[in-house]
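Residue-level listing of the chains:
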Amino acid sequence: MWPVSTSEKKCNVCWRALNRLKVAPLSFNKSEVRFVDTDEMEVTVEEVYAVDPKTIFQAIFIFFWVVYLWESYLSFRQRQVYRNTKQVPAPLRDTLDHETFEKARVYQLDKSSFGFWHGVFSQLESSAILLFGGIPYMWGVAGNVLGYFSYGPEYQIVQSLAFLLLASVYGTFVGLPWTLYSTFVLEEKHGFNKQTVGFFVKDQIKMFLVSQALMAPITAGLLYIIQMGGQYFFIYAWAFAFAVSLIMITIYADYIAPLFDKFTPLPEGELRTKIEELAQSISFPLYKLYVVEGSKRSSHSNAYFYGFFKSKRIVLFDTLLEDYTPVNKEEDKAKEAEASPTSEEPDQPKESQKPEEEVKKPDEAGEPAKEDEKKKKKTGCNNKEVLAVLAHELGHWKLSHNLKNLVISQVNLFLCLFLFGLLIEKKELFEAFGFYASQPTLIGLVIIFQFVFSPYNEVLSFCMTVLCRRFEFQADAFAKSLRRATELRSALIKLHKDNLGFPEADWLYSTWHYSHPPLLERLGALEKTE
């Protein structure tokens, strides 16, 4: 052996790297290399393996469009199912009338068309932002705003918060026309929207203010930890994010959700007693039982539970309950009764004074009578069906599905933060998106989590969809084990009818997108477990 100079070591690294990359001919003779002084040759391993920023951007941009085209293809397949399926599926012919089936088909077609055009707009908008440097431009605007208040570039966290605020304002205004159309045209057309314009405006303002009030301190805390946490910042950042997620789960339903919807305790009665008995039978630590007045916003229905340890709460949407009347509606009815005449006798002579020809005959009033009958048609589930739905939801708790999802999400977050720590110093990533003079931490989070991790995110999302669908089958089987399969089957069909869900689905679209199995698959699985 003989001593090897530093220059020769660097040249050996270059030679091996070039051969591995097939940039140099394989017949390249290392002995012919002239070794120079270290000062003349400052090539590092990082420089050898560095990737051109343009190549990084092109790869990310191409993948961005590949995902969009894949999603568009899947949506097209599902849209063909809506267009071509004109008859009620055989298993539902006894429970689903053709009129409701056709309404569901048209509703889903309208939603699909809306989603297509919204997707085209969003894709083109995002592409323009990436191609024309929208992200560095908005970062510069945020810096100029701070400069107006005598804050320099050293106040990076403050500039990051200003950037987020500007991005939120931009996103809100750009998305507003689509939200308005979806609410007051699409949902209104199919009878789901219950919001007035005033309620909508107030709701949007509250959502914006609450989101900013929550996002600003959380973002500032995370950025501070990343900047000051040293080599192992990813551990502290993960612990901070985990703590925030637990706090948000705890306070959301008690303090945040009531800002938007009214929560009232479920009144004493048969349903409340049966729910408490169901919870006790499986040792579910029920602490409170609420009804949320979702009917002010939409006629779609839902139910969920939340809370830690022995402080579990169950929340039922009023639209889920067949015979439930919100408190404020009862008050309105009482006021109307007080304002209306106590007797209709004075009006009777007026009716009798009408000429005989003007009185509508039963057959002439047939259509209005039918319309009134449709309006009076009950929606929601009866008590036994509500209990079956809750048996399904409590099955998620009994089988630890929520805990498993929490563990998976936290392991994923820890892994992503660790990889983020390895990539945050790569200036090529920032240069690929137009940041040449600075490497802001917030921008690094956006670039790495949203763009660099996008292939991984797509795979993970699909895996989680498959897992969630498996959990749904298991929760259905749990409800079945409590002898509630018949009621659950009836409830699933009713909820699909009330929400105009379409029973048929393209197998590839549903496999990729549906976290809940299609109706026919769930009904089939319930029958198999019987």
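Computed from a predicted structure; not experimentally measured. (Residues numbered from 1 in each chain as written. Predicted model: local features only at pLDDT ≥ 70, side-chain atom pairs only at ≥ 80, totals over all residues. Heavy atoms only, no water.)

### Some remarks on helix α8 (residues 233-256)
No. 1: For α8, spanning 24 residues, the distance from its first C-alpha to its last is only 30 Å, which falls clearly below the expected 34 Å at 1.5 Å a residue.
No. 2: In α8, a bend of some 35 degrees at Thr250 exceeds every other bend along the element.
No. 3: Along α8, the positions that sit buried rather than exposed are Phe233, Phe234, Ala237, Val244, Ala253 and Ile256.
No. 4: Each element contacted by the buried residues of α8 is listed here: α7 (197-228), β3 (303-306) and α14 (401-423). (Helix = DSSP H or I, 4+ residues; strand = E, 2+ residues; numbered from the N terminus. Expected span 1.5 Å × (residues − 1). Bend = angle between axes of the 7 residues up to and from the residue. Buried < 20%, exposed > 50% of the residue type's maximum accessible area, 1.4 Å probe, protein only. Contact = heavy atoms within 4.5 Å.)

### Section: the layout of surface pockets
To find leftover empty space, a probe the size of one water molecule is rolled over the atoms.
No. 1: Here the largest pocket defines a volume of roughly 1600 Å³.
No. 2: As for the largest pocket, its lining consists of 48 residues, and the residues nearest its centre are Lys111, His496, Tyr514, Ser515 and His516.
No. 3: Residue assignment for the lining of the largest pocket shows that the elements contributing at least two residues are α3 (53-84), α4 (98-131), β3, α13 (383-398), α18 (485-498) and α20 (519-529).
No. 4: For the lining of the largest pocket, the class distribution of residues is 22 nonpolar, 19 polar and 7 charged. (1 Å grid on protein atoms, 1.4 Å probe; cavity = no way out; pocket = protein on both sides within 12 Å on 5 of 7 lines; lining within 4 Å. Points joined across faces, edges and corners; volume = space filled by probe spheres on them. Nonpolar A, V, L, I, M, F, W, Y, C, P; charged D, E, K, R; others polar.)

### Description of the sheet that holds strand β1 (residues 263-265)
Adjacent strands of a sheet pair through backbone hydrogen bonds, lying either parallel or antiparallel.
No. 1: Pairing in this open sheet of 4 strands is mixed, and the strands run β1-β2-β4-β3 from one edge to the other. For this open sheet the edge positions go to β1 and β3, each flanked by a neighbour on one side alone. Here the strands of the sheet are splayed against their neighbours by 30 degrees on average, with no regard to which way each runs.
No. 2: Across 3 bridges, the pairing between β1 and strand β2 (residues 286-292) is antiparallel. Each bridged residue has a counterpart across the sheet, and for Pro265 the counterpart in β2 is Tyr290.
No. 3: Of the strands in this sheet, β1, β2 and β4 (312-317) touch helix α9 (residues 270-281), which is tilted by about 140 degrees from β2. (Pairing = 2+ DSSP bridges. Axes fitted to C-alpha atoms, helices over the stretch in contact; angles between N-to-C directions.)

### A few points about helix α5 (residues 134-148)
No. 1: In this model, α5 (15 residues) spans 21 Å end to end at C-alpha, consistent with the 21 Å of a helix rising 1.5 Å per residue.
No. 2: Looking at the buried positions of α5, the neighbouring elements they touch are α4, α6 (156-189) and α16 (441-452).
No. 3: Note on α5: the residue one or two positions beyond its end, Ser150, has a positive phi of about 70 degrees.

### Things to note about the packing of α13 against α18
No. 1: With their axes 8 Å apart at the nearest point, α13 and α18 run at an angle of 95 degrees to one another. Taken together, the axes of α13 and α18 lie roughly perpendicular to each other. Along its contact with α13, which presents Lys384, Glu385, Ala388, Val389 and His392, the element α18 presents Glu487, Leu488, Ser490, Ala491, Lys494 and Leu495. (Parallel < 35°, antiparallel > 145°, perpendicular 65-115°, else oblique.)

### Notes on the pattern of salt bridges
Should their charged atoms come close, side chains of opposite charge can pair.
No. 1: This model, assessed by the stated rule, comprises 10 salt bridges.
No. 2: The partner of Arg272 in a salt bridge is Glu268, with the nearest N and O atoms 3.6 Å apart.
No. 3: Look at Arg272 and you get buried, because its relative accessible area is 15%.
No. 4: Arg522 is paired through a salt bridge with Asp476; the nearest N and O atoms lie 2.8 Å apart. You can see Arg522 sitting in helix α20 and its partner Asp476 sitting in helix α17 (residues 454-481), a full 46 residues away along the chain. (Salt bridge = Lys/Arg side-chain N within 4 Å of Asp/Glu carboxyl O.)

### Some details on the confidence of the model for the chain
No. 1: Put simply, the chain has an average pLDDT of 83, and 80% of its residues get 70 or more.
No. 2: Across residues 1-36, where pLDDT falls below 50, the model places 30 contacts with residues more than four positions away in sequence or in other chains. (pLDDT = per-residue confidence, 0-100.)

### A closer look at the pairing of β4
No. 1: Counting buried positions along β4 gives 5 out of 6 residues, so the element sits mostly inside the fold.
No. 2: Where β2 meets β4, 6 bridges bridge the pair, whose relative direction is parallel. Residue pairing for β4: Val291 is matched across the bridge by Leu316.
No. 3: Bridging between β3 and β4 involves 4 bridges; their strand directions are antiparallel. Residue pairing for β4: Ala303 is matched across the bridge by Leu316.
No. 4: Between β3 and the antiparallel strand that follows it, β4, lie 5 residues; Gly307 among them carries a positive phi value of about 115 degrees.

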